[in-house]
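# An overview of the molecular structure
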Amino acid sequence: MNKIKVISLFLIVLLFASCANNNLQTNSTIIPTTQKNTLISKANKGDIQAMIELNRVYLFPETKEGLELYNKWYPLVLKSNNTEDIMEFYPIFTKYEKMFINADEKYENILETAVDLGSQKALYILSSHLIRNKQYDKLKKISGKIIKEKNQDKLITLHNIYLFSRQKDEAKKIEKLIKKTNKEYFHSLSLNDKLFYTHLIYLHPREKGLEYNEIIKDTINSNDPKLISGMANVLFDDARWYRAKAYLEKAVKLNDKDSLAHFNLANEYKIIDTSKHKYKEQIIFHLTEAALLDNYKATEQLLEIFVKEKNTQAYFDLKQKILKLNESKRALADFYYKQNRITEGDTLLNELAQKNNSQAIISLARSYKSKNFNPEKDALIDKWKNFVLNSDQVYLKEMLKPYLVYREDIEFKNKIIQKQIENNNITVLKELAKNTKFSTNIEKDEAIPYLQKAASFGDVESKYLLANKYNYYDKKESKKRIAIYNELIKQGDIKAYKELGTAYSYAPSGNTKEDVNKSLYYYKKAYENGDKSALEDIIVYYICPDCPTYNQEQGEIYINKAIEDKNANLLYRLGGTYKIGKIVKRDKKKAIKYYKKASELGSSGAYSALEDIYQNEKEGKNWYEKVVPKKVQTYEDLLNESSKKNTKKNGK
């Protein structure tokens, strides 16, 4: 067996990294006691966990203060030597990346830092991003660095990335350098990368071969409860429940304090217990263990069982123990509500809320006042609504807002929004701007101040949104749009070059030669600074005979750049331009030329376009059989899939 063949699916495991449906659990909901200033002080010293906590509790970088500090902390993240911290931080940056100058570059740098520290997951994510954005030069640089390092783990991951993206020649070059087996590769990974890697087994459960079976065995023999539980999730998703059960049994033996493992094991027993009583004892045991370890879901299920069986003694025994807990106690409160024991439920939630349980606070604050006279209940609701409104734990406001949907909630919801505006919440300002329909100038005028305020706090996305609200064809508004793009360029944002090029191409002065030259200039600046999407605009300006910038020689130079960039989609569209003759004069030979280049780079649309041009000509058949890999589709098969009109013409 090819030593790396069995791991060729490593590339797509990211898509399945969160596909374990049986491991749901309510996380701890205690409001952190660490003060914001203390966390900021830690973050200023490079503590990434403090940055993450500031996002979770205070929604940094959604506020003006948070955005300023996250811009300040970005270089500190790049200096970190902790791979796990970086990989935990990068999803936060991904979520808010539009807020930052040159977000893509920063995103890539964060992942590249993790790659340098040995994260295979980061290498996959980064390489996939570069391929998706046609940044082959940067991928080649990373590839060259890995080849020079001779790091076997990175070489195997890189090989698979090339294989998945159909760059077989590059994959073959890497393959010659690989000496490690799949099993050795797996053992050398970090725990996080192992958990990431094991999900590939879910993809092809019955086509693995000996090395996969060895990995499965090695996992259960590893005595690592986290790794064993991770493999159990994969087996569960593959409907291999008995084997998953065995793995979870081993995991809870190794760590009997893992509430999630107990909970998942109980549910495994439920699935395989077709007789409905064979594993009853085990189900109750593991649910109880999980409940006593403060697992909300386990407590909820256990109480349902006791009600169904009318097991009074078991209920009282459990109740006495979980009243001292947090999440399990909240599950008991919700159980009381289901039993219509409202006062008892309120009492428990109020006790939890007093101890800073965020879910309990939100449950009470979102309650509705009774139509009947109940001053105690009304006072309790008002107490926790006001707590949320005035709390500096800003995430509580975001937790409550989705529940404020009825007419009687509007006034209080507006109070929360006003509070968020006072706290310079950029996200809220953008939401308010986006929620206006812009169907009239009045609504547009109402939205623009929100975007102006958010933009003044340094939010890049708000600046682009604001620019888009100004009309291209209105002279005054066009100047405002151009001014915003020029400001972004001064700040170093590469994306603004292309936007400025587009603004000049729609200039209200009527596309004068000066406007067109400015437009081309900024498109070229965009491309020179790494924005590959501007290349098509440059080519169009040069090949368009009616444009003042027409220059066929320059057009060829930039078309060759598209070929160098392996930009199949651009070449496919270029072929279509010459085929249709909308911008340029129709030219069948050039259409065929660029369709061929596009198809060689993997454009499926180019195959169909060539079939339409060639139909059943001998030249077309020879070309197709040369370019298209065997066992994919014969030329005749391709013709058979054409339209009825072409089918009749071909005599098939």
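### Quick word on the overall build of the protein chain
The secondary structure content of the protein chain amounts to 39 helices and zero strands. Here the protein chain holds 652 residues, and the buried ones make up 48% of them. Considering only contacts within the protein chain whose residues lie at least 6 apart along the sequence, 57% involve residues at least 24 apart. When the accessible area of the protein chain is evaluated, it comes to approximately 33,600 Å², of which 49% is carbon and sulfur surface.

### Description of a nonpolar patch on the surface
On the surface, a nonpolar cluster with roughly 320 Å² of combined accessible area is contributed by Y368, V405 and Y406. Residue placement: V405 occurs in the loop between helix 24 (395-400) and helix 25 (410-422).

### Regarding the environment of K45
In this fold, K45 is placed in the loop between helix 1 (36-44) and helix 2 (48-58). With a relative accessible area of 73%, K45 lands in the exposed category.

### Considering the packing of aromatic side chains
In this structure the tally under the stated criterion is 22 aromatic pairs. On the numbers, 5.4 Å between centres and 75 degrees between planes, the contact of Y368 with Y406 is edge-to-face. Separated by 38 residues along the polypeptide, Y368 in the loop between helix 22 (358-365) and helix 23 (375-390) and Y406 in the loop between helix 24 and helix 25 bring together distant segments of the chain. With relative accessibility at 38%, the residue Y368 sits in the partly exposed group. The class of Y406 is partly exposed, set by a relative accessible area of 47%. Where Y521 meets Y522, the ring centres are 5.0 Å apart and the plane angle is 80 degrees; that geometry is what we call edge-to-face. Residue Y522 is classed as buried on the basis of its relative accessible area of 17%. Site record: aromatic cluster; members linked through ring pairs are F60, Y70, W73 and F89. Seen from the ring of F412, K385 lies directly overhead, with NZ or CZ sitting 5.2 Å from the centre.

### Notes on the pattern of salt bridges
With the rule as written, the count across this model stands at 23 salt bridges. One salt bridge connects E327 with R330, and the closest N-O pair in it is separated by 2.7 Å. Of this pair, E327 and R330 both sit in helix 20 (residues 327-338), separated by three residues, roughly a single helical turn. Judged by relative accessible area, which is 1%, E327 ranks as buried. Take R330: its relative accessible area is 6%, and that puts it in the buried class. Overlapping salt bridges, with partners in common, bring together K430, K434, D459 and E461 in one network.

### Re unusual backbone geometry
Between F60 and the following residue, P61, the backbone shows a cis peptide bond with an omega angle of 5 degrees. By the element assignment, P61 lies in the loop between helix 2 and helix 3 (64-78). For L59, which is not glycine, the phi dihedral falls at a positive 60 degrees. Here L59 falls in the buried class, since its relative accessible area comes to 9%. Positive phi, close to 60 degrees, is recorded for K566, a residue that is not glycine. With respect to the helices, strands and loops of the structure, K566 is situated in the loop between helix 33 (552-564) and helix 34 (568-580). For K566, a relative accessible area of 32% puts it in the partly exposed group.

### Digging into the environment of I174
Checked against the element boundaries, I174 lands in helix 9 (residues 168-175). Considered as a pair, I174 and N160 are 14 residues apart in the sequence and their alpha carbons are 9.4 Å apart. Those residues in contact with I174, other than ones at most four positions away along the chain, are S143, I147, L155, L158, H159 and Y162.

### A few points about the packing of helix 25 against helix 26 (residues 426-434)
As a packed pair, helix 25 and helix 26 sit with axes 8 Å apart at the nearest point and diverge in direction by 125 degrees. For the element pair helix 25 / helix 26, the angle class is oblique. Crossing hand, helix 25 versus helix 26: left-handed. In this structure, helix 25 contributes I417, Q420 and I421 to the contact, and helix 26 contributes V428, L429 and L432.

### A word on the confidence of the model for the protein chain
Do not read the fine detail of predicted coordinates wherever pLDDT is low. Looking at the protein chain as a whole, its pLDDT mean stands at 84, while 83% of the residues score no less than 70. In the model, residues 1-27 has pLDDT below 50 throughout and makes 84 contacts with residues more than four positions away in sequence or in other chains. Residue range residues 200-210 is modelled with pLDDT below 50. Its contacts to residues more than four positions away, or to other chains, number 28 contacts.

### A closer look at helix 1
Buried residues of helix 1: L39, I40 and A43, and no others. Projection of helix 1 onto a plane perpendicular to its axis shows the buried side chains occupying an angular sector of 100 degrees, all on one side. Where helix 1 ends, the next residue or the one after it, G46, has phi of about 95 degrees, a positive value.

### Some details on the side chain of K463
In this structure, K463 sits in helix 28 (residues 460-468). Among the polar contacts listed, one links the side chain of K463 to the side chain of Q491, at a separation of 3.2 Å. Not counting residues within four places of it along the chain, the set of residues in contact with K463 comprises A455, I484, E487, L488 and Q491.

### Notes on helix 28
For helix 28, the buried fraction is high: eight of the nine residues fall into the buried class. For helix 28, every residue scored as buried is listed here: V460, E461, S462, K463, Y464, L465, L466 and A467.

### A word on the side chain of N350
Topologically, N350 is positioned in helix 21 (residues 342-354). Discounting chain neighbours no more than four positions away, the residues touching N350 are L364, L380, K383 and W384.

Conventions adopted
Residues numbered from 1 in each chain as written. Predicted model: local features only at pLDDT ≥ 70, side-chain atom pairs only at ≥ 80, totals over all residues. Heavy atoms only, no water. Helix = DSSP H or I, 4+ residues; strand = E, 2+ residues; numbered from the N terminus. Buried < 20%, exposed > 50% of the residue type's maximum accessible area, 1.4 Å probe, protein only. Contact = heavy atoms within 4.5 Å. Areas by Shrake-Rupley, 256 points an atom, 1.4 Å probe, with all protein chains shown as cover. Patch = residues over 30% accessible without salt bridge, like charges linked within 9 Å, V, L, I, M, F, W, Y side chains within 5 Å. Salt bridge = Lys/Arg side-chain N within 4 Å of Asp/Glu carboxyl O. Phe/Tyr/Trp six-rings, centres within 6.5 Å; stacked < 30°, edge-to-face > 60°. Lys NZ or Arg CZ within 6 Å of the ring centre and 35° of its normal. Axes fitted to C-alpha atoms, helices over the stretch in contact; angles between N-to-C directions. Parallel < 35°, antiparallel > 145°, perpendicular 65-115°, else oblique. Left-handed = near helix turned anticlockwise from the far one by under 90°. pLDDT = per-residue confidence, 0-100. Arc of directions from axis to C-beta. Polar contact = N/O pair within 3.5 Å; in protein donor to acceptor, adjacent residues only side chain to side chain.

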